[in-house]
Amino acid sequence: MPDQIVSLPAVDLVEAVYRAVAAQIVDGRLAAGTRLRQEELAAQFAVSRQPVLQALRRLATDGLAIEADRRGTLEVAALDAERLVEIYDVRAQLDGLAARRAAERVKGGRARPLDAALLERGRLALDAGTLAPLVETDVAFHNAVYDASGNRLIAPLLRSQWMHVERAMCASLRTYGVRDGVWDEHAAMLQAINAGDGRTAERLARHHALHAADVLVARLREARAA
């Protein structure tokens, strides 16, 4: 466990601790099996044990932490390939819906076309090969589609599950790099949305999500077997 003290903003301490620990799990700084001890985390974030306890309960609820012993100590959960399959089954449907609605709204003048700069930033991150920008630009692209869809439920429904997706992406990128064609798929989706072609946008978005799932799950299972 890191022993340096991290200053947190003077806001909801439970939320702040939760986000800080979740971020360390997602990007791999806290590996699977790492014990999440209340006293150590309280010292690290310079808070009392109560917000840490509540934050840890949320991490367990969200599937990022599991019980390590009978005394209630939690540890970082292992990446779960089966859970990813379930997440992507749902995400493929919601991403398809979001892409279709976005295309319909762009065609009807109710939403602006997606900014092609999203693709430029993604390709720049791809060229740089740095982990955080690769994940951030991917998430930003999909959030732009959710926003353009006009459906206010899609992003919140997926938010807690995106942490598992980002965690799997980080693990995959560290070992294998970016899968081939990911930003070409984004470009095709953007083109269909901006052309107002809802049927094609939906098909491409679903295929993109399911293809990503196939690759991530295969990589996770390969790493587990090794």
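The structure under discussion appears in the preceding block.
Residues numbered from 1 in each chain as written. Predicted model: local features only at pLDDT ≥ 70, side-chain atom pairs only at ≥ 80, totals over all residues. Heavy atoms only, no water.

Per the counting criterion, the structure on display carries one aromatic pair. Judged by centre distance (6.1 Å) and plane angle (75 degrees), the rings of Phe141 and Trp183 are edge-to-face. Pair noted here: Phe141 is in helix 6 (residues 131–149) and Trp183 is in helix 8 (residues 182–194), with a separation of 42 residues, a long-range link. Above the ring of Tyr18, the side-chain terminus of Arg58 is found at 3.7 Å from the ring centroid. (Phe/Tyr/Trp six-rings, centres within 6.5 Å; stacked < 30°, edge-to-face > 60°. Helix = DSSP H or I, 4+ residues; strand = E, 2+ residues; numbered from the N terminus. Lys NZ or Arg CZ within 6 Å of the ring centre and 35° of its normal.)

To continue, consider the environment of Val178. Considering the arrangement of structural elements, one finds Val178 in the loop between helix 7 (154–176) and helix 8. Through-space distance from the C-alpha of Val178 to that of Val135 is 10.0 Å; in sequence the pair is 43 residues apart. Those residues in contact with Val178, other than ones at most four positions away along the chain, are Leu126, Leu134, Leu173 and Arg219. (Contact = heavy atoms within 4.5 Å.)

Tracing the chain through its elements places Asp69 in the loop between strand 2 (65–67) and strand 3 (74–76). Classification of Asp69 as buried rests on a relative accessible area of 17%. Looking at Asp69, its side chain comes within polar contact range of the side chain of Arg35, at 3.5 Å. Among the polar contacts made by the side chain of Asp69, one reaches the main-chain amide nitrogen of Gly72 at a distance of 3.2 Å. (Buried < 20%, exposed > 50% of the residue type's maximum accessible area, 1.4 Å probe, protein only. Polar contact = N/O pair within 3.5 Å; in protein donor to acceptor, adjacent residues only side chain to side chain.)

If you walk through the whole model with that rule in mind, you get one cavity of 30 Å³ or more. The calculated volume of the largest cavity comes to roughly 250 Å³. Taken together, 17 residues form the lining of the largest cavity, with Asp138, Met169, Leu173, Arg179 and Val182 sitting closest to its centre. Listed by contribution, the elements that provide at least two residues to the lining of the largest cavity are helix 4 (81–107), helix 6, helix 7, helix 8 and helix 9 (198–225). Top element by residues in the lining of the largest cavity is helix 9. It accounts for five residues. Per-class residue counts for the lining of the largest cavity are 10 nonpolar, three polar and four charged. (1 Å grid on protein atoms, 1.4 Å probe; cavity = no way out; pocket = protein on both sides within 12 Å on 5 of 7 lines; lining within 4 Å. Points joined across faces, edges and corners; volume = space filled by probe spheres on them. Nonpolar A, V, L, I, M, F, W, Y, C, P; charged D, E, K, R; others polar.)

So, on to the layout of surface pockets. In this structure, the largest pocket spans a volume of roughly 640 Å³. For the largest pocket, the lining is made up of 23 residues, of which Arg19, Val26, Arg159, Met163 and Glu166 are closest to its centre. Contributing elements (two or more residues each) for the lining of the largest pocket: helix 1 (13–26), helix 6 and helix 7. The residue makeup of the lining of the largest pocket, split by class, is 13 nonpolar, two polar and eight charged. Roughly 380 Å³ of volume is contained in the second largest pocket. Lining the second largest pocket are 20 residues, and of these Leu79, Ala171, Arg174, Leu220 and Ala223 lie nearest its centre. Elements with a minimum of two residues in the lining of the second largest pocket: helix 1, helix 7 and helix 9. For the lining of the second largest pocket, the leading source of residues is helix 7, giving six residues. Residues belonging to the lining of the second largest pocket are distributed by class as follows: 13 nonpolar, three polar and four charged.

With that settled, consider helix 2 (residues 38–45). Every buried residue of helix 2 is accounted for by Leu41, Ala42, Gln44 and Phe45. Mapping the buried residues of helix 2 onto a view down its axis gives an arc of 160 degrees, with all of them on the same face. If you follow the buried residues of helix 2, they end up packed against helix 1, strand 1 (35–36) and helix 3 (49–61). Ala46 sits one or two residues past helix 2 and shows a positive phi near 55 degrees. (Arc of directions from axis to C-beta.)

So, on to the packing of helix 5 (residues 117–128) against helix 8. Where helix 5 contacts helix 8, the two axes come as close as 10 Å, and the packing angle between them is 180 degrees. By the angle between their axes, helix 5 is roughly antiparallel relative to helix 8. Residue-level inspection shows Leu118, Leu119, Gly122, Arg123 and Leu126 of helix 5 in contact with helix 8, the latter providing Trp183, Asp184, His186, Ala187 and Leu190. (Axes fitted to C-alpha atoms, helices over the stretch in contact; angles between N-to-C directions. Parallel < 35°, antiparallel > 145°, perpendicular 65-115°, else oblique.)

What follows covers the environment of Gln38. Relative to the helices and strands, Gln38 is located in helix 2. Spatially, the C-alpha atoms of Gln38 and Ala144 are 37 Å apart, while their sequence positions differ by 106 residues. Each residue touching Gln38, except ones within four places of it in the same chain, is listed here: Arg49, Val52, Leu53 and Leu56. One polar contact links Gln38 to Arg49, side chain to side chain, over a distance of 3.4 Å.

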